[in-house]
Amino acid sequence: NTSANSARGSAIDLGHGTAQFRHIHLSGGVYFGGANSYNHLDEYEEGTFTPIIQGTSSTGSANYANNYGRYIRIGQMLHWQLYIGINSWASSPSGSLRIRQLPFTSLGAQGETTGAVMHNEFDTGGMTLVYYWASNVSEMRMYYVRDNAGWVQHPVTNEAMNFYITGTAYVQ
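Residues numbered from 1 in each chain as written. Predicted model: local features only at pLDDT ≥ 70, side-chain atom pairs only at ≥ 80, totals over all residues. Heavy atoms only, no water.

Colleague: Kindly report on a nonpolar patch on the surface, identifying the contributing residues and their values.
Modeller: Together, Leu 14, Phe 21, Ile 24 and Leu 26 make up an exposed nonpolar region whose accessible area comes to about 470 Å². Along the polypeptide, Phe 21 turns up in the segment before strand 1 (30–31). (Patch = residues over 30% accessible without salt bridge, like charges linked within 9 Å, V, L, I, M, F, W, Y side chains within 5 Å. Areas by Shrake-Rupley, 256 points an atom, 1.4 Å probe, with all protein chains shown as cover. Salt bridge = Lys/Arg side-chain N within 4 Å of Asp/Glu carboxyl O. Helix = DSSP H or I, 4+ residues; strand = E, 2+ residues; numbered from the N terminus.)

Colleague: Kindly report on the environment of Tyr 143, identifying the contributing residues and their values.
Modeller: Here Tyr 143 lies in strand 11 (residues 140–146). Judged by relative accessible area, Tyr 143 falls into the buried class, the value being 11%. In sequence terms Tyr 143 and Val 130 are 13 residues apart; their C-alpha atoms lie 5.4 Å from each other. The contact partners of Tyr 143, leaving out residues within four places of it in the chain, are Thr 128, Leu 129, Val 130, Tyr 132, Trp 151, Val 152, Gln 153 and His 154. (Buried < 20%, exposed > 50% of the residue type's maximum accessible area, 1.4 Å probe, protein only. Contact = heavy atoms within 4.5 Å.)

Colleague: Could you give an account of the nonpolar core, with specific residues and numbers?
Modeller: If you look at the biggest cluster of nonpolar residues, it comprises 27 residues, and the most contacted ones within it are Ile 53, Trp 80, Ile 99, Phe 163 and Ile 165. Elements that contribute at least two residues to this core include exactly strand 5 (61–74), strand 6 (77–91), strand 7 (97–100), strand 10 (128–133), strand 11 and strand 13 (161–170). The biggest single contributor to this core is strand 6, with 6 residues. For Ile 53, the residues in contact, after removing those within four places along its chain, are Thr 59, Tyr 64, Ile 84, Ile 86, Trp 89, Leu 97, Arg 98, Ile 99, Val 156, Met 161 and Phe 163. (Core = buried A, V, L, I, M, F, W, Y, C linked by side-chain atoms within 4.5 Å.)

Colleague: Give me the pairing of strand 5: which residues, what numbers.
Modeller: Put simply, side chains in a regular strand alternate between the two faces of the sheet. Where strand 3 (residues 44–49) lies against strand 5, 6 bridges are found, and the strand directions are antiparallel. When the bridges of strand 5 are listed, Tyr 44 appears paired with Ile 74. Taken together, the 13 bridges between strand 5 and strand 6 define a ladder with antiparallel strand orientation. Counted as the bridge partner of Ala 62 is Trp 89 from strand 6. A loop of 2 residues connects strand 5 with strand 6, the two strands running antiparallel in sequence, and Gly 75 in this loop sits at a positive phi of about 65°. (Pairing = 2+ DSSP bridges.)

Colleague: So what about the pattern of salt bridges? Which residues, and what values?
Modeller: With the rule as written, the count across this model stands at 2 salt bridges. With a closest N to O distance of 3.2 Å, Glu 139 and Arg 98 form a salt bridge. Taken together, the residues Glu 139 in the loop between strand 10 and strand 11 and Arg 98 in strand 7 connect sequence positions 41 residues apart. There is no split in this pair, since Glu 139 and Arg 98 are both buried. One salt bridge in this structure joins Glu 139 and Arg 100, with 2.6 Å as the shortest N-O distance. Taken together, the residues span a long stretch of sequence, with Glu 139 in the loop between strand 10 and strand 11 and Arg 100 in strand 7 at a distance of 39 residues. A single network of salt bridges, built from pairs that share partners, joins Arg 98, Arg 100 and Glu 139.

Colleague: A description of the packing of aromatic side chains should follow, citing residues and the corresponding values.
Modeller: Aromatic ring pairs are described here by two measures, namely the spacing of the ring centres and the angle between the planes. For the structure on display, the rule yields 8 aromatic pairs. Between Trp 80 and Tyr 131, the ring centres sit 5.4 Å apart and the planes meet at 65°, which makes this aromatic pair edge-to-face. Here Tyr 131 lies in strand 10 and Trp 80 lies in strand 6, a separation of 51 residues in the sequence. On the accessibility criterion, Tyr 131 (1% relative accessible area) is buried. On the numbers, 4.4 Å between centres and 25° between planes, the contact of Tyr 83 with Tyr 164 is stacked. With a gap of 81 residues between them, Tyr 83 in strand 6 and Tyr 164 in strand 13 connect regions that are remote in the sequence. (Phe/Tyr/Trp six-rings, centres within 6.5 Å; stacked < 30°, edge-to-face > 60°.)

Colleague: Go over unusual backbone geometry, please, and point to the residues and values.
Modeller: Residues apart from glycine generally show negative phi values, whereas peptide bonds are mostly found in trans. Positive phi is not limited to glycine here, since Gln 101 has a value of about 65°. Residue position: Gln 101 is located in the loop between strand 7 and strand 8 (113–116). Not every positive phi belongs to a glycine, and Asn 136 is a case in point at roughly 60°. Inspection of the secondary structure assignment puts Asn 136 in the loop between strand 10 and strand 11. The partly exposed category is assigned to Asn 136, whose relative accessible area is 46%.

Functional significance is not addressed by these values, which are geometric in nature.
Encoded structure:
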């Protein structure tokens, strides 16, 4: 009841089927179905990023055919996909393989995530290649898995390579 200045919880609609609002600009977020922090959406973003491959001992300098990524962030949940294609290397990398320049930093221990990697022209010796995004970093590590041998960080080499990766992670 607006004339009596009294609240009417869950009684007022904003727009309807034939008269929708065009834009809503908010600075503090939206509460869905309640006023506690679990129902609060304070972030939504879509964007692109430019991932790169480097080594941990010597970063190297790649000649990219393609390197792009895109993401959707809803709250602390980030869904992303990337494609990296390297034709050759201007200077050789060394150490373990890293994918860097991810758009956000992972969220503590809850942000750790892993998943499969589709790859081409990259020698894994027939072993399964997976990514691991550790906590509190904005880079992915590449591991290969062998039977009864555990996970081993994959070394970076100066060969041509292509990676397609899609994943979901919690971010800061």
